[in-house]
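Coordinate analysis (summary)
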Amino acid sequence: MHFLISEVHNFGGFFGGDTVTLSGAPWRMEDAEEQTLTIDDAALLNVGERHHISAGMLLDLEFAGERVERAVLLGAANHAELRRALGEPELPAHIDAPLILARRCQSCELWVAVVAAAPCSVCGATAEP
């Protein structure tokens, strides 16, 4: 499920656990009700620090019952928050041309990490020339 974060409540949990508690709703679902989730740090697969999760981010969530088993950051409302959450990218040793690491998708209105010249990894739209 794609889940758009509306608010981050806290980092930690009981006894200083490694969690983030946030609210949001399934992305682009009409009449979707907001819900509150707690996600373990280990479930955040591509986010370096759970403290970098913020409102306006879109996560792809997989559940095991009620628990979030896997959370992958797909996009963010702004470029700086996306780059901070994803951390330093692995760059090739030699670059012959400019390297684009992220772009703003006009269709889904999010900053998304770029994989070569592929369509948007969130909504599938192709980049504007």
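The structure we're discussing is the one just above.
These lines cover the structure that appears in this document, whether it is placed above or below. (Residues numbered from 1 in each chain as written. Predicted model: local features only at pLDDT ≥ 70, side-chain atom pairs only at ≥ 80, totals over all residues. Heavy atoms only, no water.)

1. Focus on the pairing of strand β1 (residues 2–12)
Looking along a regular strand, one sees the side chains alternate between the two faces of the sheet. Put simply, the test is: Being paired, for any two strands, means DSSP has found at least two bridges between them. Helical segments are the DSSP runs of H or I of at least four residues, strand segments are the runs of E of at least two, and each set is numbered from the N terminus.
One ladder, built from three bridges, connects β1 with strand β4 (residues 58–64); its direction is antiparallel. Of the residues in β4, the one forming a bridge with F3 is L59. The pairing of β1 with strand β2 (residues 19–26) spans eight bridges and is antiparallel. Its bridge partner being in β2, N10 is matched across the sheet by T21.

2. Details of the environment of E81
Stated formally: Any two residues whose heavy atoms approach within 4.5 Å at even a single point are treated as in contact.
Of note, E81 is situated in helix α1 (residues 79–86). Residues E81 and E109, 28 residues apart in the sequence, show an inter-C-alpha distance of 14 Å. Beyond its immediate chain neighbours, meaning those up to four positions away, E81 contacts S54, A55 and M57.

3. Section: the pattern of salt bridges
If charged atoms from side chains of opposite charge come close, those side chains can pair. Operational definition: For this analysis, a salt bridge means a side-chain nitrogen from Lys or Arg found within 4 Å of a carboxyl oxygen belonging to Asp or Glu. The buried label goes to any residue with under 20% of its type's maximum accessible area, the exposed label to any with over 50%, and the partly exposed label to all in between, with areas taken from a 1.4 Å probe on protein chains only.
Following the criterion strictly, the structure yields four salt bridges and no others. One salt bridge in this structure joins R50 and D18, with 3.7 Å as the shortest N-O distance. Placement of R50 in the loop between β3 (35–40) and β4 and of D18 in the loop between β1 and β2 is noted, with a sequence separation of 32 residues between them. On the basis of relative accessibility, which here comes to 47%, the residue D18 falls in the partly exposed class. Its salt-bridge partner being R67, residue E69 comes within 2.8 Å of it at the nearest N-O pair. You can call E69 partly exposed: its relative accessible area is 42%. In this structure, a network of salt bridges that share partners links the residues D60, E62 and R70.

4. Details of the sheet that holds strand β7 (residues 110–113)
Our working rule: Every axis corresponds to a line fitted to the C-alpha atoms, with the helix fit spanning only the stretch in contact, and the corresponding angles, defined between N-to-C directions, vary from 0 to 180 degrees.
The strand order β3-β2-β1-β4-β5-β7-β6 describes an open sheet built from seven strands, whose pairing is antiparallel. The open sheet terminates on both sides in strands that have one partner only, identified here as β3 and β6 (102–105). Strand after strand, the sheet turns through a mean of 45° between neighbouring axes, direction not considered.

5. Side note on α1
For α1, the complete set of buried residues consists of E81, L82, R83 and A85. Structurally, α1 contributes buried residues whose contacts are with β5 (67–76), β6 and β7.

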